[in-house]
Amino acid sequence: MVFAFLLITQLSHLGRAGAAEVTFTKEFTENAANIATGEKIWFEQCARCNGIRAYPGKAPKLKPAIYKIEFVYKRVTKGFRGMPSWKSKYNQHQRMSVSAYVMNPDFKN
């Protein structure tokens, strides 16, 4: 029984590691090209459910003022509840760029 607990603990830890391994620098999050990449992906993919034109009730309106960028990146990478993981569709740089765009002061959803 102790072995099973330790195994489950280790496996759950491994499942969290992937999204938390990135480091966001000020240079990355303020880079205009990264913001533009994130904005493009946002309007192509994310705005369908989270944007101002999304079907009401499809997904909650984002509240970047209360988020940390790592939280946004984890959601984009791993998904949450009805939101799918975008890890297989977008590479790490693209997922980081979407996160930077969402956390940008000019972001509106």
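**Focus on the layout of surface pockets**
So, point 1. Quantified by volume, the largest pocket comes out at close to 610 Å³.
So, point 2. What lines the largest pocket is a set of 24 residues, and nearest its centre among them are Asn50, Ala59, Pro60, Leu62 and Met83.
So, point 3. Listing elements by their share of the lining of the largest pocket, those giving two or more residues are α3 (32-50), α4 (69-78) and α5 (92-103).
So, point 4. The biggest single contributor to the lining of the largest pocket is α3, with six residues.
So, point 5. Of the residues in the lining of the largest pocket, the class split is 16 nonpolar, three polar and five charged.

**A word on the environment of phenylalanine 28**
So, point 1. Within the fold, phenylalanine 28 resides in helix α2 (residues 26-29).
So, point 2. Using a relative accessible area of 14% as the deciding quantity, one classes phenylalanine 28 as buried.
So, point 3. Considered as a pair, phenylalanine 28 and histidine 93 are 65 residues apart in the sequence and their alpha carbons are 9.8 Å apart.
So, point 4. Not counting the four nearest positions on each side in its chain, phenylalanine 28 is found in contact with Asn34, His93, Met96, Ser97 and Ala100.

**Re the packing of α4 against α5**
So, point 1. At a minimum axis distance of 9 Å, the contact between α4 and α5 shows a crossing angle of 130 degrees. On the basis of their axis angle, the class for α4 and α5 is oblique. Our pair here, α4 against α5, has a crossing hand that is right-handed. Each of Ile69, Val72, Tyr73, Val76 and Thr77 in α4 lies in contact with α5, whose residues at this interface are Gln92, Arg95, Met96, Val98, Ser99, Ala100, Val102 and Met103.

**Regarding α4**
So, point 1. When α4 is considered as a whole, its buried residues turn out to be Ile69, Val72, Tyr73, Val76 and Thr77. For α4, the buried positions fall inside an angular range of 125 degrees around the axis, keeping them on one side.
So, point 2. Positioned one or two residues after α4, glycine 79 has a phi angle of 75 degrees, which is positive.

**With respect to the nonpolar core**
So, point 1. Counting residues in each nonpolar core, the largest one holds 22 residues, and the members touching the most others are Phe24, Trp42, Leu62, Met96, Val98, Val102 and Phe107.
So, point 2. Here methionine 96 is in contact with Val22, Thr23, Phe24, Phe28 and Tyr73, once residues within four sequence places are set aside.

**Here's the deal with the packing of aromatic side chains**
So, point 1. Scanning all chains against the criterion turns up seven aromatic pairs.
So, point 2. Ring centres 6.2 Å apart and planes at 70 degrees place the aromatic pair phenylalanine 24 and phenylalanine 28 in the edge-to-face group.
So, point 3. For phenylalanine 24, a relative accessible area of 14% puts it in the buried group.
So, point 4. Judged by centre distance (6.1 Å) and plane angle (55 degrees), the ring pair of tryptophan 86 and tyrosine 90 falls under tilted.
So, point 5. The exposure class of tryptophan 86 is buried, given its relative accessible area of 17%.
So, point 6. Cluster of aromatic residues (ring-pair linked, three or more members): Phe24, Phe28 and Tyr73.
So, point 7. Taking NZ or CZ as reference, arginine 75 lies 3.5 Å from the ring centre of phenylalanine 80, over its face.

Rules used throughout
- Residues numbered from 1 in each chain as written.
- Predicted model: local features only at pLDDT ≥ 70, side-chain atom pairs only at ≥ 80, totals over all residues.
- Heavy atoms only, no water.
- 1 Å grid on protein atoms, 1.4 Å probe; cavity = no way out; pocket = protein on both sides within 12 Å on 5 of 7 lines; lining within 4 Å.
- Points joined across faces, edges and corners; volume = space filled by probe spheres on them.
- Helix = DSSP H or I, 4+ residues; strand = E, 2+ residues; numbered from the N terminus.
- Nonpolar A, V, L, I, M, F, W, Y, C, P; charged D, E, K, R; others polar.
- Buried < 20%, exposed > 50% of the residue type's maximum accessible area, 1.4 Å probe, protein only.
- Contact = heavy atoms within 4.5 Å.
- Axes fitted to C-alpha atoms, helices over the stretch in contact; angles between N-to-C directions.
- Parallel < 35°, antiparallel > 145°, perpendicular 65-115°, else oblique.
- Left-handed = near helix turned anticlockwise from the far one by under 90°.
- Arc of directions from axis to C-beta.
- Core = buried A, V, L, I, M, F, W, Y, C linked by side-chain atoms within 4.5 Å.
- Phe/Tyr/Trp six-rings, centres within 6.5 Å; stacked < 30°, edge-to-face > 60°.
- Lys NZ or Arg CZ within 6 Å of the ring centre and 35° of its normal.

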